[in-house]
Amino acid sequence: MQTVELSAIVPAHRLGEAVIQVVDADGRPCAGVEVTIAQTRHEFLFGNTGFDVQGGDEPGDAPGEEWMLSAAEADLWLQIHNAATLPFYWGRFEPVRGAPRTDEMRRTAQWLRQRGVALKGHPLVWHTVTAPWLLDLELDEIERAQRERIRRDVADFAGLVDTWDAINETVIMPVFDNGDNGITRLAKDRGRLAMLRLAFEEARETNPNAVLLVNDFDLSPAYERVIDEMLEAGIRPDAIGLQTHMHQGYRGEEEILAVADRFARFDLPLHFTETTLLSGDLMPPEIDDLNDYQVTSWPSTAEGEARQADEIERHYRSLVSHPAVEAITYWGFSDRGMWLGAPGGLVRADGSPKPAYEALRRIIAEEWWVSPATVRTDGEGRVRVSGFRGEYSVSVAGEPAVPVRLGRDAVVEEIRMSPTRP
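Residues numbered from 1 in each chain as written. Predicted model: local features only at pLDDT ≥ 70, side-chain atom pairs only at ≥ 80, totals over all residues. Heavy atoms only, no water.

Visitor: Explain the overall build of the chain here, please?
Guide: A count of helical and extended segments in the chain gives ten helices and 16 strands. Computed over C-alpha atoms, the radius of gyration of the chain comes to 23 Å, within 12% of the 22 Å expected from 2.2 N^0.38 for 422 residues, which places it in the range of a compact globule. With respect to the three principal axes, the spread of C-alpha positions in the chain is 75 × 50 × 45 Å. For the chain, the residues scored as buried account for 53% of the 422 residues in total. By sequence separation, contacts in the chain at least 24 residues apart represent 78% of the contacts at least 6 residues apart. Carbon together with sulfur atoms contributes 48% to the accessible area of the chain, which is approximately 18100 Å² in total. (Helix = DSSP H or I, 4+ residues; strand = E, 2+ residues; numbered from the N terminus. Rg over C-alpha atoms; globule rule 2.2 N^0.38 Å. Buried < 20%, exposed > 50% of the residue type's maximum accessible area, 1.4 Å probe, protein only. Contact = heavy atoms within 4.5 Å. Areas by Shrake-Rupley, 256 points an atom, 1.4 Å probe, with all protein chains shown as cover.)

Pasting the structure below:
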């Protein structure tokens with residue numbers, strides 16, 4: 001039996017297998033028939049922020065937004081990503097009460113979905129970049145507004161955005177002291193567990209099919225305790241979000257995999273939701289809150305770009321090797337508009353790809369990708385395909401292409417020829 005398979009070695013838990021059998025209209029095996037097999041999508045989520053394409057029907061068409069992606073940059077983005085995180089920061093999404101930017105966000109979401117990109121909304125509940133008008137409300141009104149916000153946005157985007165960071169950075173939420181805001185006030189009064197329950201119950205009731213995450217930058221045992229408390233209280237997330245902004249340097253495979261091992265004990269999928277690696281000078285190690293580091297110029301350098309490319313490849317390979325990890329989201333595509341102005345993008349400010357982009361394209365779009373191949377069926381009308389788990393297209397000349405999913409279990413897919421075929 002001829003086989004179409006990856007030419008590279010990948011972890012066994014990432015591989016799927018299918019046997020394709022071609023039969024005629026009467027169910028008899030068709031020997032010697034040409035079958036073309038092509039991968040169309042990874043099951044693993046290779047994501048990035050979708051902030052850059054926000055604002056118009058096409059990338060780059062929002063006037064005055066210099067950080068928006070050009071059409072050429074959007075094409076580069078799509079070559080290596082199949083998932084995007086969209087910005088639902090309350091203070092920017094609804095700066096004026098009752099006037100959310102729903103239509104604008106829907107245009108962005110539709111543009112991405114039309115190109116096969118899975119979408120996540122970020123976040124439904126967070127104490128930062130929150131609506132300023134909440135400060136004018138009493139606590140009960142803040143809670144009511146927060147619940148209404150969750151129900152409205154989850155309902156408005158159901159079927160388009162079905163994954164959400166339900167709540168963000170809960171470890172620090174009740175004790176956050178870097179500026180007053182309505183959500184910290186509410187969390188201090190109601191408690192962390194009540195905030196978690198509010199976020200998950202409202203979102204779950206509104207869209208029972210949604211994938212809901214708890215997400216945090218604090219990867220210490222304190223976050224583990226939060227998840228333990230959630231589960232004991234009957235609040236079960238669908239996945240655990242782990243942020244890895246590494247502005248002060250790559251933490252290395254050993255440390256990152258140790259983090260994955262610790263959180264894998266919950267038997268929930270792990271999403272590395274916010275990854276940043278720099279291609280310029282590193283932030284000084286003594287900086288505690290990354291937001292406190294302010295510089296007038298933070299350029300990408302040749303030395304830094306070589307370092308970033310090496311580190312990003314090591315980071316992705318190590319996480320793909322871990323069976324609990326189902327998603328990696330890099331936090332920013334272009335150096336224009338990167339968080340903190342850091343040189344952390346995969347392309348430079350002028351739109352040219354950095355070595356880090358080329359490294360990801362090589363492993364995601366080549367090494368971990370089954371290129372189109374044509375083989376002939378054996379005497380039983382069969383061919384075999386083995387590759388990175390995900391979606392594939394199988395076609396026989398003169399017949400419509402058939403989608404085949406390679407997953408955890410091997411499958412047998414039958415293609416029945418039309419009666420008119422000789």
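Next comes the rest of the write-up.
Visitor: Looking at this model, I keep getting lost on the pairing of strand β15 (residues 402–406). Mind explaining?
Guide: On a regular strand, one side chain projects to one face of the sheet and the next to the other, so that they alternate. Pairing analysis gives five bridges linking strand β14 (residues 390–396) to β15, with the strands arranged antiparallel. Within β15, the residue paired with Val 394 across the bridge is Val 402. (Pairing = 2+ DSSP bridges.)

Visitor: Would you explain the sheet that holds strand β13 (residues 382–388) in this entry?
Guide: Strand pairing in a sheet relies on backbone hydrogen bonds. The paired strands run either parallel or antiparallel. Taken together, the four strands give an open sheet; going across it, the order is β1-β13-β2-β16, and neighbouring strands pair in mixed fashion. At either margin of the open sheet sits one strand with a lone partner, and together these are β1 (3–5) and β16 (411–416). Going across the sheet, the axis of each strand differs from the next one's by a mean of 20 degrees, ignoring polarity. As paired elements, β1 and β13 share three bridges and run parallel to each other. (Axes fitted to C-alpha atoms, helices over the stretch in contact; angles between N-to-C directions.)

Visitor: Quick question: what am I supposed to make of the nonpolar core here?
Guide: Within soluble globular proteins, side chains that are nonpolar generally end up buried alongside one another. The biggest cluster of nonpolar side chains holds 110 residues, and the ones touching the most others in it are Val 125, Phe 200, Tyr 223 and Phe 263. Every residue in contact with Phe 200, bar those within four places of it in the chain, is listed here: Ala 166, Ile 167, Leu 212, Leu 213, Val 214, Met 230, Ile 235, Arg 236 and Pro 237. Counting six residues, the second-largest nonpolar core is a separate cluster that includes Met 283, Leu 290, Tyr 293 and Ala 342. (Core = buried A, V, L, I, M, F, W, Y, C linked by side-chain atoms within 4.5 Å.)

Visitor: How should the sheet that holds strand β8 (residues 211–216) be read in this particular structure?
Guide: Taken in spatial order, the eight strands line up as β4-β5-β6-β7-β8-β9-β10-β11 and close into a barrel, and their pairing is parallel. Mean inter-strand twist for the sheet, computed between neighbouring axes without regard to direction, equals 25 degrees. By the bridge criterion, four bridges tie strand β4 (residues 45–49) to strand β11 (residues 325–330) in an arrangement that is parallel. The partner of Gly 47 across the bridge, within β11, is Thr 329.

Visitor: Please clarify how the pairing of strand β10 (residues 270–277) should be interpreted in this entry.
Guide: The element β10 is largely enclosed, with a buried count of eight among its eight residues. Where strand β9 (residues 239–246) and β10 come together, seven bridges link them in parallel fashion. Counted as the bridge partner of Ile 240 is Leu 270 from β10. Across four bridges, β10 lies against β11 in parallel orientation. Counted as the bridge partner of His 271 is Ala 327 from β11. Read as a crossover between parallel neighbours, the route from β10 over helix α9 (residues 302–320) to β11 is right-handed. (Right-handed = clockwise from strand over helix to strand, strands pointing away.)

Visitor: Any chance you could explain the environment of Ile 227 here in plain terms?
Guide: Mapped onto the elements, Ile 227 comes out in helix α7 (residues 221–232). For Ile 227, a relative accessible area of 0% corresponds to the buried category. For the pair Ile 227 and Thr 3, spaced 224 residues apart in sequence, the C-alpha separation works out to 44 Å. Contact partners of Ile 227, with chain neighbours within four places excluded, come to Ile 240, Phe 263 and Phe 266.

Visitor: Whenever I open this one, the packing of aromatic side chains confuses me. Can you help?
Guide: To describe a pair of aromatic rings, one takes the distance between the centres and the angle between the planes. Evaluation of the coordinates by the stated rule reveals 15 aromatic pairs. Aromatic pair Phe 46 and Trp 368: ring centres 5.9 Å apart, planes at 20 degrees, arrangement stacked. Of the two residues, Phe 46 sits in strand β4 while Trp 368 sits in the loop between α10 (355–367) and β12 (373–376), which places them 322 residues apart along the sequence. Comparing Phe 46 with Trp 368 shows no difference in burial state: the two are buried. Centre to centre, the rings of Phe 51 and Tyr 89 are 5.9 Å apart; their planes meet at 90 degrees, and the pair counts as edge-to-face. One end of the pair, Phe 51, is in the loop between β4 and α1 (71–80); the other, Tyr 89, is in the loop between β5 (83–87) and α2 (90–93), and 38 residues separate them in sequence. Its relative accessible area of 17% is what places Phe 51 among the buried residues. Members of the aromatic cluster, connected to one another through ring pairs, are Phe 44, Phe 46, Tyr 316, Trp 368 and Phe 388. The positively charged end of Arg 106 is found above the aromatic ring belonging to Phe 157, 5.4 Å away from the centroid. (Phe/Tyr/Trp six-rings, centres within 6.5 Å; stacked < 30°, edge-to-face > 60°. Lys NZ or Arg CZ within 6 Å of the ring centre and 35° of its normal.)

Visitor: Mind showing me how you'd approach α1 here?
Guide: What sets the pattern is the α-helix's 3.6 residues per turn: residues three or four places apart point alike. Within α1, the full set of buried residues consists of Glu 73, Ala 74, Leu 76, Trp 77 and Ile 80. End-on view of α1: buried residues confined to an arc of 155 degrees, all on one side of the axis. Looking at α1, the residues exposed on the side facing more than 90 degrees away from the buried face are Ala 71 and Ala 72. Elements in contact with the buried residues of α1: β4, β5, α3 (102–113) and α10. (Arc of directions from axis to C-beta.)

Purely geometric stuff here, so don't read any function into it on its own.
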